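# An overview of the molecular structure
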Amino acid sequence: MKRFFGMMPSDCIEISKTYKNNIIIDAGKEGWTIIYADNSTQYKDIEATAEENFKMAYEVASQHFNLEEDNSDCVCEEIMCCE
């Protein structure tokens, strides 16, 4: 997978969740990416289901942060974001 600044190409993202501390987890069949509040990233390219890759990324991020889903009206889901 070709990444740009550690981010996954949008056509590879199957699951994307945003958390209240401005952490985004993107996952797909080819890997996962955690985007932190300062826009730094942590990622791994690994062939698995999107759900398995999301779970791996969630475990990594939750080692450092208490992740609470952001259920406000303006949450990025998939690639569509509120303006």
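Right above here is the structure, for reference.
Calculation criteria
- Residues numbered from 1 in each chain as written.
- Predicted model: local features only at pLDDT ≥ 70, side-chain atom pairs only at ≥ 80, totals over all residues.
- Heavy atoms only, no water.
- Helix = DSSP H or I, 4+ residues; strand = E, 2+ residues; numbered from the N terminus.
- Contact = heavy atoms within 4.5 Å.
- Areas by Shrake-Rupley, 256 points an atom, 1.4 Å probe, with all protein chains shown as cover.
- Pairing = 2+ DSSP bridges.
- Axes fitted to C-alpha atoms, helices over the stretch in contact; angles between N-to-C directions.
- Core = buried A, V, L, I, M, F, W, Y, C linked by side-chain atoms within 4.5 Å.
- Buried < 20%, exposed > 50% of the residue type's maximum accessible area, 1.4 Å probe, protein only.

This paragraph deals with the overall build of the protein. Helix and strand counts for the protein come out as one helix and four strands. For the protein, long-range pairs separated by at least 24 residues make up 44% of all intrachain contacts whose partners lie at least 6 apart in sequence. Summed over its atoms, the accessible surface of the protein is roughly 5600 Å², and 50% of this surface lies on carbon and sulfur atoms.

Overall, antiparallel pairing links the four strands, which are arranged 1-2-3-4 in an open sheet. Each edge of the open sheet is held by one strand with a lone partner, namely strand 1 (15-19) and strand 4 (41-45). The mean inter-strand angle of the sheet, taken between neighbouring strand axes irrespective of direction, is 10°. Sheet topology note: the strand 2 (residues 23-28)/strand 3 (residues 31-35) ladder contains five bridges and is antiparallel. Considered in strand 3, the bridge of D26 is made with T33.

As a further point, take the nonpolar core. Grouped together as the largest cluster of nonpolar side chains are 14 residues, with contacts concentrated most on I25, W32, I34, F54 and L67. For this core, the secondary structure elements donating two or more residues are strand 1, strand 2, strand 3 and helix 1 (50-62). The element best represented in this core is helix 1, accounting for five residues. Setting aside chain neighbours within four positions, we find W32 in contact with R3, M8, D26, A27, Q42, Y43, K44, I46, N53, M56, A57 and V60.

As far as function goes, none of this settles anything; it's purely spatial.
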